[in-house]
There are 2 protein chains.
Amino acid sequence: MKIEVFETKERVLADNESAARETRALMRERGTLLINLMGSPGAGKTSVLSRVIPALGEFRIGVMEADVDSDVDAKTVAALGARVIQLHTGGLCHMDADMTRRGLDRMGIDGLDAVFLENIGNLVCPAEFEIGADLRMTVLSVPEGDDKPLKYPLMFTIADLVAVNKLDTAPIFDFDLAAFKARVLALNPKAEIIPISAKTGEGCAELASFLRSLIEKRRRGE
Amino acid sequence: MKIEVFETKERVLADNESAARETRALMRERGTLLINLMGSPGAGKTSVLSRVIPALGEFRIGVMEADVDSDVDAKTVAALGARVIQLHTGGLCHMDADMTRRGLDRMGIDGLDAVFLENIGNLVCPAEFEIGADLRMTVLSVPEGDDKPLKYPLMFTIADLVAVNKLDTAPIFDFDLAAFKARVLALNPKAEIIPISAKTGEGCAELASFLRSLIEKRRRGE
C-alpha cells in the first residue's frame, strides 16, 4: 500500500516537473518574473507583500493567493492595487505546477512585470513541488524559532531568498539570527537571507531592492 | 492524472481509518490515553509539553516526536523524564495511523498512562489523517494571527482541544482572542479552548487539569 503511494507521487512529480518547465519558458518569453512565496501559517507572507508591492510601485504586479479556504489575504492585496486572483486548493496542502499554470491563465499575465504566488502556509509540502518559479522566496518569522532549518531542511535547501520577518520581536523570542543564518547556509550556501520587519518596515527597502534587480533583469530579457 | 491522485488518496484514507480504529481499541484495552498534538511550525508544541509533563508528574507519560528531520525536540522532552521515541517521516508532512502504530510498538506503551504524538508542524495535512487518538489537541500561537481558523478550517473543525499559546505576546501582535474563539466555535461548537503561555506558565495549570481528567477517566476504563 505504501509503495503505491510513493509510485503515484513519483508519477505526479514527473508530470509536475514538465508543467513547471513550460511555465518557466512562458514567463521568460513574456518578460514576467514568477515568485513562489512560501512560509508557515502566520509567518507574514501577506504582510511582506503589503510592504513590497508599494515599494515596487514602478512595476505592474500580480498576486495569486492560494488558500485552502477564505479570501482574506486576496482582499488585503487587492487594496494595494495589484492584480489579484484567489485560488482555492480544496484541502490540498500545496500548489503544484498545473494549478499554478491554470491560475496564471485565469488571472492573465499581460502587462505584468512580476507575479507572486502566495502558497499555502506550510513548511513541508510546497517545498516539494516546483511550480516553475524564477525565485523561491521563503518567509520565516522570528516567533517560529531559529531551529526551523534543522526540522524542515528541504524548504531552506530550495529557497533562493529567505526573508526573516517580525525582526522587531527578536528580543522577546530569544531568536539567534546568526545561528539561524548559519543553519540555512549549511544547507544552502547560495541562499540570500534578508532580515525584515513588515510591521516597522525595517529591511523592507533592501528586500524590495533585491526583487527590483531581478524584475529589471527579466524585463531586459536576461 | 488528477483523478488518479484523488483515488489513491481515498484508498489510503480508507486503510488509514481501519488502522486508526485498531489503535483506538488497543489504547482503550491498555488504559492508555493517546493525544495527537498538532500545530504550525514554531507554535510551541514542544514548549507546551515541557509545561504539561511536569504538571502531570503523577502519571507515566510517553512522547513520540515526529519530525521530517532532526531530534532537537526529542532531546528536550527526554530531559523531562518522559519515555521518548523520535520518528522520522522521510519528507512526509504528517503522521498516518500505520506510522503511529509502528511508533507505539517500537516505543512500547507498557505502564504508560498517556502518550503524546507530537505531529509534524503543519496546519493542513495532519488534520486529514486520523491516527486513532483519543484527543486531538491543536496548539495555535498568538503570532500566527487570529484569522487562522478561516484559512485552515479543517484543523480547527477536528480539534477537541485548542491551546492558544504565547498569550504573553497578545498585545504586541494585536491578537483578538474573542474573535479567534468565535471563529473556532463557529466551525466546532464543542471545542475546548484554553489560552496559555508556555513561557510564563499562565493557563498551564488549567490545561494540565483538563488533560488529567481525561487520563484518569481512561485509567478507570471509561
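Residues numbered from 1 in each chain as written. Chains lettered and ligands numbered in written order. Predicted model: local features only at pLDDT ≥ 70, side-chain atom pairs only at ≥ 80, totals over all residues.

Peer 1: Teacher, can you tell me more about the overall build of chain A here?
Peer 2: The helix and strand tally for chain A stands at nine helices and seven strands. For 222 residues, the compact-globule estimate of 2.2 N^0.38 gives 17 Å, and the C-alpha radius of gyration of chain A, at 17 Å, lies within 12% of that figure. For chain A, the spread of C-alpha atoms along the three principal axes comes to 50 × 45 × 35 Å. Buried positions account for 49% of the 222 residues belonging to chain A. In chain A, once contacts between residues fewer than 6 apart in sequence are set aside, the share between residues at least 24 apart is 75%. (Helix = DSSP H or I, 4+ residues; strand = E, 2+ residues; numbered from the N terminus. Rg over C-alpha atoms; globule rule 2.2 N^0.38 Å. Buried ≥ 20, exposed ≤ 12 C-beta atoms within 10 Å, placed from the backbone. Contact = placed C-beta atoms within 7 Å.)

Peer 1: What is the right way to read the environment of Pro 143 of chain B from this model?
Peer 2: All names here are of chain B. Checked against the element boundaries, Pro 143 lands in the loop between β5 (135-141) and α6 (148-151). Of the residues examined, Pro 143 has 27 C-beta atoms within 10 Å and is grouped as buried. Taking the C-alpha atoms as reference points, Pro 143 and Phe 173, separated by 30 residues in sequence, lie 6.0 Å from one another.

Peer 1: Please clarify how helix α9 (residues 204-219) of chain A should be interpreted in this entry.
Peer 2: Residues and elements named next belong to chain A. In this model α9 runs 22 Å from its N-terminal to its C-terminal C-alpha over 16 residues, within 8% of the 22 Å that 1.5 Å per residue would give. Taken together, the buried positions of α9 are Cys 204, Leu 207, Leu 211, Ile 215 and Arg 218. Seen along its axis, α9 keeps its buried residues to an arc of 65 degrees; they face one direction. Away from its buried face by more than 90 degrees, α9 exposes Ser 209, Ser 213 and Lys 217. (Expected span 1.5 Å × (residues − 1). Arc of directions from axis to C-beta.)

Peer 1: I would appreciate a short explanation of the relation of the copies chain A and chain B in the present structure.
Peer 2: Between the two chain copies there is a screw-like relation: a rotation about an axis and a shift along it. Overlay of chain A on chain B (RMSD 0.0 Å): rotation 180 degrees, translation along the axis 0.0 Å. With respect to symmetry, the two chain copies, as superposed, fit the operation of a two-fold axis. No C-alpha of chain A approaches the rotation axis more nearly than that of Asn 122 of chain A, which lies at 3.0 Å. When you check the interface residues of chain A against chain B, 100% turn up at the interface there too, and the contact is symmetric in its surfaces. (Least-squares fit on C-alpha atoms with pLDDT ≥ 70 in both.)

Peer 1: Could you clarify how one ought to interpret the packing of helix α2 (residues 45-55) of chain B against helix α10 (residues 204-219) of chain B in this entry?
Peer 2: Residue and element names in this part refer to chain B. One way to put it is that α2 packs onto α10 with a least axis distance of 9 Å and a crossing angle of 60 degrees. Two packed elements cross with a definite hand, and for α2 against α10 that hand is right-handed. The segment α2 lies against α10, with Arg 51, Val 52 and Ala 55 engaging Cys 204, Ala 205, Leu 207, Ala 208 and Leu 211. Of the residues contributing to the contact of α2 with α10, the split by class is seven nonpolar, no polar and one charged. (Axes fitted to C-alpha atoms, helices over the stretch in contact; angles between N-to-C directions. Left-handed = near helix turned anticlockwise from the far one by under 90°. Nonpolar A, V, L, I, M, F, W, Y, C, P; charged D, E, K, R; others polar.)

Peer 1: Looking at this model, I keep getting lost on the interface of chain A and chain B. Mind explaining?
Peer 2: Think of interface size as the accessible area that goes away when the parts come together; that is how it is often given. Taken together, the contact pairs 36 residues of chain A with 36 residues of chain B. Among the elements of the structure, α1 (2-30), α5 (148-151) and α6 (153-158) of chain A are those that each provide at least two residues to the side of chain A that touches chain B. With five residues, the single largest contributor to the side of chain A that touches chain B is α1 of chain A. Among the residues making up the side of chain A that touches chain B, the classes are represented as 17 nonpolar, 10 polar and nine charged.

Peer 1: Please clarify how the sheet that holds strand β3 (residues 83-88) of chain B should be interpreted in this entry.
Peer 2: What holds strands together in a sheet is hydrogen bonding between their backbones, with the strands either parallel or antiparallel. Residues and elements named next belong to chain B. The sheet built from seven strands is open, its strands ordered β3-β2-β4-β1-β5-β6-β7 with parallel pairing. With partners counted over all chains shown, the strands left at the sheet margins are β3 and β7 (192-195), one partner each. Pairwise comparison of adjacent strand axes, ignoring direction, gives a mean angle of 20 degrees for this sheet. In the sheet, strand β2 (residues 61-67) pairs with strand β4 (residues 114-118) via five bridges, with the strands oriented parallel. Following the sheet pairing, Gly 62 is matched in β4 by Val 115. The strands touched by helix α4 (residues 97-107) are β2, β3 and β4; relative to β3, the strand with the most contacts, the crossing angle is about 140 degrees. Sheet strands touched by α10: β1 (33-39), β4, β5, β6 (161-165) and β7. Its angle to β7, the strand with the most contacts, is close to 140 degrees. (Pairing = 2+ DSSP bridges.)

Peer 1: Would you take a moment to explain the environment of Phe 180 of chain B for this structure?
Peer 2: Position of Phe 180 of chain B relative to the elements: it lies in helix α9 (residues 177-187). In contact with Phe 180 of chain B, other than residues within four places in its own chain, are Asp 146, Pro 149 and Val 164 of chain B.

Peer 1: What's the story with the confidence of the model for chain A in this structure? I'm lost.
Peer 2: Low pLDDT marks stretches whose predicted atomic positions should not be read closely. Residue and element names in this part refer to chain A. Here chain A averages 92 in pLDDT, and 95% of its residues register 70 or above. Note that residues 1-8 has pLDDT below 50 and, in this model, seven contacts with residues that lie over four places away or in other chains. Here the predicted complex carries an ipTM of 0.85, next to a pTM of 0.89. (pLDDT = per-residue confidence, 0-100.)

Peer 1: Explain the sheet that holds strand β1 (residues 33-39) of chain A here, please?
Peer 2: Residues and elements named next belong to chain A. Read across the open sheet, the seven strands follow the order β3-β2-β4-β1-β5-β6-β7; overall the sheet is parallel. Edge positions in the sheet fall to β3 (83-88) and β7 (192-195), since each of these pairs with one other strand and no more. This sheet shows a mean twist of 20 degrees between the axes of neighbouring strands, independent of strand direction. On top of the sheet, helix α4 (residues 97-107) reaches β2 (61-67), β3 and β4 (114-118); it is set at about 140 degrees to β3, its chief contact. Of the strands in this sheet, β1, β4, β5 (135-141), β6 (161-165) and β7 are in contact with α9, which crosses β7 at around 140 degrees.

Peer 1: Which parts of the structure should I look at to understand unusual backbone geometry?
Peer 2: Note on backbone geometry: most residues besides glycine have negative phi, and most peptide bonds are trans. Residue and element names in this part refer to chain B. Phi at Ser 70 takes a positive value of approximately 75 degrees, unusual for a residue other than glycine. In this fold, Ser 70 is placed in the loop between β2 and α3 (72-78). You will see that Asp 174, though not glycine, has its phi angle at about 50 degrees, which is positive.

Peer 1: Is there a simple way to think about the pairing of β2 of chain A in this case?
Peer 2: The side chains of a regular strand alternate between the sheet's two faces. Residue and element names in this part refer to chain A. Of all seven residues in β2, seven are buried, a share of seventy percent or more. Here β2 shows no split at all, with Ile 61, Val 63, Glu 65 and Asp 67 on one side and Gly 62, Met 64 and Ala 66 on the other all buried. Each parallel crossover has a hand, and the one from β2 via helix α3 (residues 72-78) to β3 is right-handed. (Right-handed = clockwise from strand over helix to strand, strands pointing away.)

Peer 1: Can you help me understand the environment of Val 77 of chain B in this one?
Peer 2: All names here are of chain B. Take Val 77: it is sitting in helix α3. Distance in space between the C-alpha atoms of Val 77 and Phe 173 is 28 Å, their sequence separation being 96 residues. Excluding residues that lie within four positions of it along the chain, Val 77 makes contacts with Thr 46, Leu 49, Val 63, Glu 65, Ala 82 and Val 84.

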